Amino acid sequence: MAMKDIQKGLEQKIRELEAANQMLKDEHQALQLAFNGLQEQYRTIQMENRELVERWMKQKALDADRLNEENEIVLKQNRIKLQKELDEAARDPVVVDAPCQSPVGSLSQFTLPSQALMKFDAHDGEVQAVKWGPKGHLIATGGADRKVKLWEVVKGSVEQRGILRGSNAAITSVDFDSDEEHVLGTSNDFASRVWTVSDQRLRHTLTGHSGRVLAAKFLGESSKVVSGSHDRTLKIWDLRSLACIRTVFTGSSCNDVVTDRPGSTIISGHFDKRIRFWDTRKESTANEVVLQGKVTSLDISPDGCYLLSCVRDNTLKLLDLRMNQVIGTFYAEGFWVAFDWTRAVFTPDGQYVSVGSQDGTVFIWNVSDPTRIKTLKEHTHAVAACSWQCTGSSLVSCDRNKQVVVWSAG
């Protein structure tokens, strides 16, 4: 009797285990079906993603083609206009301007500008950057309308020579290479771009920063660029390989960057009130100088011995690069730095410094005697930047109300 009870108990347990086993098999089958369904969805999403990427790349290629077609149309129009001007000029005596000489010593007799020679609306919004080309006839401007524009100054008048398109946000700075063959522009869309002056085509788009790019310069040669960003990094780019060859973590947002002529030293100005010096041959910072306010701009004197910085404590500081020390301060009643990107510059002979103010006044100080101050009044809104012609005879400035003013000695 006991054996039968044990047998019945074992048989009951076997039935229960078989039922549990069947339930597990059913659950496994259901999970396998669910897994197969998810796997199929994953493959479908992968295919859709590849199709989207391909469509996006095709669209980018179409946009680039469209942009180049627009530039080609503008270039053809400019060629026709230039040919007409050349035909007219052929009937007149030719006047050849003397080339720019070495800044130091050759410009000691030039007269500071005293009046507005030309005033014009350059962009459909704020004009945030301006740069005079090294040959002395071409001006580049950058605006909140996402465009870089080229202007030619001829016989007391200014003519638009081209529009450089491709940026997706406001332009923050512009620069020429030493041969005036390329224009470099930075933008709030986290990128820098390089255009050729001759055909006004977009040649390179340098992406990699994670914040707006506030400044960039050619690094010793036209094939290398250094850019400074709000993301607290500097990046060095090789335009031949279209690659970032070095990233420097600066510790603070970069408002401006300059380089020495050989391109071995990079100097950056920052939100944290510091100017940092970087040797391109080394990994770490060589030195830094602390000022009393955010640094908005930097400019190296023509002889390479001095550094001019614009500071948000409403002063300009002059540093001796041989000692990395502040040796002079420029300030004046009524001078207020308007922007984090307000640009101050040396004259081509290094004897004066100039900058625009909140009220639209352009201030010019004598480096040897900072108490000697000249002011130029024509702008009605805050001035963001100014730049000198290579001969030192003219100055160009831009403001937040679309306008650019070219100043001359009269």
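Residues numbered from 1 in each chain as written. Predicted model: local features only at pLDDT ≥ 70, side-chain atom pairs only at ≥ 80, totals over all residues. Heavy atoms only, no water.

Quick notes on the pattern of salt bridges
Should their charged atoms come close, side chains of opposite charge can pair. For the structure shown, the criterion picks out 18 salt bridges. The shortest N-O distance in the salt bridge between Asp189 and Arg193 comes to 2.8 Å. The exposure classification of Asp189 matches that of Arg193, with both residues buried. For Glu288, the salt bridge identified is with Arg276, shortest N-O distance 3.5 Å. With Glu288 in strand 17 (residues 285–290) and Arg276 in strand 16 (residues 274–279), this residue pair connects regions lying twelve residues apart in the sequence. Note on Glu288: relative accessible area 34%, which makes it partly exposed. Residues joined in a network through salt bridges with shared partners are Asp272, Arg274, Arg276 and Glu288. (Salt bridge = Lys/Arg side-chain N within 4 Å of Asp/Glu carboxyl O. Buried < 20%, exposed > 50% of the residue type's maximum accessible area, 1.4 Å probe, protein only. Helix = DSSP H or I, 4+ residues; strand = E, 2+ residues; numbered from the N terminus.)

As for the sheet that holds strand 3 (residues 138–143)
Read from one edge of the open sheet, four strands run 2-3-4-5, paired in antiparallel fashion. Only two strands of the sheet have a single partner each, and these edge strands are strand 2 (127–132) and strand 5 (157–164). Strand-to-strand twist of the sheet, defined as the mean angle between neighbouring strand axes without regard to direction, takes the value 25°. Pairing geometry for strand 3 and strand 4 (residues 148–154), over five bridges, is antiparallel. Along strand 4, the bridge assignment pairs Gly142 with Val148. (Pairing = 2+ DSSP bridges. Axes fitted to C-alpha atoms, helices over the stretch in contact; angles between N-to-C directions.)

Quick notes on the sheet that holds strand 27 (residues 394–399)
The sheet built from four strands is open, its strands ordered 1-28-27-26 with antiparallel pairing. With partners counted over all chains shown, the strands left at the sheet margins are strand 1 (115–121) and strand 26 (383–388), one partner each. The mean angle between the axes of side-by-side strands here comes to 20°, regardless of whether they run parallel or antiparallel. Across five bridges, the pairing between strand 27 and strand 28 (residues 403–408) is antiparallel. Counterpart to Ser394 in the pairing with strand 28 is Ser408.

Spatial relationships are all this shows, so hold off on functional conclusions.
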